[in-house]
Amino acid sequence: MTTATPPRTGLTRVVDDPGLLGKEPVALCANYTAVTADLDRGVDALLAAGVPVASLLTPEHGYWGAAQAGLSDGDGVDTPTDLPVLDTYRVAGTDLDALLGRSGADHVVVDLQDVGTRFYTYMWTLYDLLCAAARTGRRLTVLDRPNPLGRRRAGPGLDPACASFVGRESVPLQHGLTLGELARWFNAVHVPAVAGRGADLAVVELDGWDGGRRADDEPWVMPSPNLPTLDSAVLYPATGLVEGTTLSEGRGTTRPFELLGAGWTDGRLAAALRERQLPGVVVREAVFRPMFSAWAGETVHGVQLHLTDPGAFDPLATGFALLRTVADLYPDRPLWRDRSEGRPPFVDLLWGSPSLREGIDSRATLAEILRAAPDTPAIPPGTVLYPNHPAEVPA
């Protein structure tokens, strides 16, 4: 299901009616994904509409998305507007409170394009800002955007022992919500436990979103350097799990999260995956050489996943099949990425618990792995703003 007519985003509504934000200065948490329907920069459109933007707050990858995964561009100045840019990435707690104190505003406005997956960090930037807004008595407004993956939910919840910046709180791995809906959930359930109270939250809602997946012919502004296409975003809840392994997830190529493999995989991988007849994708044998990240500069004989039917694609079955097949074909090769001292293995942080890693190691089925994982959390009443509540969509 796709949305036939692109909806009006929260940004578009504010540009048409700046009074929706009030008259006080705002600190705008945004990056280059915050664009108008004409693909103009949101910050420029807001300033032209008379919104008093005092500063820009940026997430992972920096304002322009030039910084790679796990990086940002630091503080600076936005050249077109001369606005100060404050880098929020890896800033939380009282340090984030202090950063907001330097923002020149008591009203934080968030406009970011999320990709509907728990381990994508923009939603956790929003979460941290909600906590900081609650602690410091600031308002926070979300300018909402559609979830490009639509309403589908898939995957387990999160074990608190595996909480990190790729999952602060328990939401489904593919959550089926917008940032505005997530903000309402966080603010009602989680922020008071962290900050002592909820933030003064508002959501400038979408007009005309029916819960559908993003249409293939809509312009795709890649939300980070390694999600260059809508296909890569649809595959991401499955192939993003490869980041927790010793394989390349395709970073350093032109098809990240579509190309997969290691220096020791071979043609058997594609053949075995094709035998599984995974729904919604066709597997092709592929040889590639990443320019950076895992297996940089080395030739990898792996696979490419070609998305053929996004509606039929099953991220859990696909992610499990990838890992299970690699473990079966190459039992003498180390599968899991080395853990950082004092932290769970990275794949546990991505999946949300040890159940996937332990299940692959013990040859468990996907059903057994899911039974051992935290339950998919229920979406609290009052969270959902738009039609087609995720509870009505098969998980």
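The coordinates are above.
Residues numbered from 1 in each chain as written. Predicted model: local features only at pLDDT ≥ 70, side-chain atom pairs only at ≥ 80, totals over all residues. Heavy atoms only, no water.

**Focus: the overall build of the protein chain**
Here is the rule we go by: Helix and strand assignments come from DSSP, with helices taken as H or I runs of at least 4 residues and strands as E runs of at least 2, each series counted from the N terminus. To sort residues, take the accessible area from a 1.4 Å probe on protein chains only and compare it with the maximum for the residue type: under 20% means buried, over 50% means exposed, and anything in between is partly exposed. In what follows, a contact means two residues having at least one pair of non-hydrogen atoms within 4.5 Å. Shrake-Rupley sampling with a 1.4 Å probe provides the accessible areas, and residues are treated as covered by the protein chains on show and by no other component. We score Asp and Glu as negative and Lys and Arg as positive, and we do not count His or the chain ends. In plain terms, the charge of a residue is placed at NZ if it is Lys, CZ if Arg, CG if Asp and CD if Glu.
What the protein chain contains, in helices and strands, is 11 helices and 10 strands. Taken over the C-alpha atoms alone, the protein chain extends approximately 60 × 40 × 40 Å along its principal axes. Residues classed as buried in the protein chain amount to 58% of the 395 residues present. Of the contacts formed within the protein chain by residues at least 6 apart in sequence, a portion of 73% connects residues at least 24 apart. Of the roughly 15300 Å² of accessible surface on the protein chain, a fraction of 50% belongs to carbon and sulfur atoms. With 34 positive and 49 negative side-chain charges, the protein chain shows a separation of 3 Å between the mean positions of the two kinds.

**Some words on the packing of aromatic side chains**
The line we're drawing: Pairs were defined over the aromatic rings of Phe, Tyr and Trp, the Trp ring being its six-membered one, requiring ring centres within 6.5 Å. Orientation was assigned from the angle between planes: stacked under 30 degrees, edge-to-face over 60, tilted for the rest. Either the NZ atom of lysine or the CZ atom of arginine qualifies as a charge over a ring when it sits within 6 Å of the ring centre and within 35 degrees of the ring normal.
Under the counting rule described, the total for this entry stands at 11 aromatic pairs. Their ring planes at 70° and their centres at 5.7 Å tell us that Trp124 and Tyr127 sit as a pair that is edge-to-face. Linking Trp124 with Tyr127, this pair stays in helix α4 (residues 122-136), spanning three residues, or about one helical turn. Judged by its relative accessible area of 0%, Trp124 falls in the buried class. Take Tyr127: its relative accessible area is 4%, and that puts it in the buried class. Centre to centre, the rings of Trp209 and Tyr386 are 5.8 Å apart; their planes meet at 80°, and the pair counts as edge-to-face. Note that Trp209 is positioned in the loop between β7 (200-204) and α6 (230-239) and Tyr386 in the segment after α11 (366-372), a separation of 177 residues in sequence. The class for Tyr386 is buried, based on a relative accessible area of 9%. Ring pairing ties together the aromatic residues Phe119, Tyr120, Tyr122, Tyr236 and Phe257, which thus form one cluster. Across from the ring centre of Phe346, 4.2 Å away, lies the NZ or CZ of Arg337, which sits over that ring.

**Comments concerning the sheet that holds strand β6 (residues 139-143)**
Threshold: Any two strands with at least two DSSP bridges between them are considered paired. Think of each axis as a best-fit line through the C-alpha atoms, taken over the contacting stretch in the case of a helix, with angles from 0 to 180 degrees between the N-to-C directions.
Strands sit in the order β3-β4-β2-β1-β5-β6-β7 across an open sheet of seven strands; the sheet is mixed. Each edge of the open sheet is held by one strand with a lone partner, namely β3 (76-78) and β7. Strand-to-strand twist in this sheet, taken as the mean axis angle between neighbours without regard to direction, amounts to 30°. Both strand β2 (residues 53-58) and strand β4 (residues 83-87) contribute to a ladder of three bridges, which runs parallel. In the sheet register, Leu56 faces β4, and the bridge partner there is Val85.

**Topic: the packing of α4 against helix α5 (residues 179-195)**
The condition is simple: Roughly parallel means an angle under 35 degrees; roughly antiparallel means over 145; roughly perpendicular covers 65 to 115; every other angle is labelled oblique. A crossing counts as left-handed when the near helix is turned anticlockwise from the far one by less than a right angle, and as right-handed when that turn is clockwise. Basically, the charged four are Asp, Glu, Lys and Arg, the nonpolar ten are Ala, Val, Leu, Ile, Met, Phe, Trp, Tyr, Cys and Pro, and anything else, Gly included, counts as polar.
Between α4 and α5, whose axes approach to 9 Å, the crossing angle comes to 50°. By the angle between their directions, the pair α4 and α5 is classed as oblique. Where α4 crosses over α5, the two elements pack in a sense that is right-handed. From α4, Met123, Trp124, Leu126, Tyr127, Leu130, Cys131, Ala134 and Arg135 reach across to α5, where they touch Leu179, Leu182, Ala183, Phe186, Asn187, His190, Val191, Val194 and Ala195. By residue class, the composition of the contact of α4 with α5 is 14 nonpolar, two polar and one charged.

**Let's talk about the environment of Arg213**
Counted only if it meets this: Identification of polar contacts relies on pairs of N or O atoms within 3.5 Å, with a donor-acceptor requirement for protein atoms, meaning one able to donate a hydrogen and the other able to accept it, and with residues adjacent in sequence counted only if both atoms are side-chain atoms.
Among the secondary structure elements, Arg213 is positioned in the loop between β7 and α6. Taking the C-alpha atoms as reference points, Arg213 and Glu341, 128 residues apart in sequence, are found 39 Å from one another. A distance of 3.0 Å separates a polar atom in the side chain of Arg213 from a polar atom in the side chain of Asp216.

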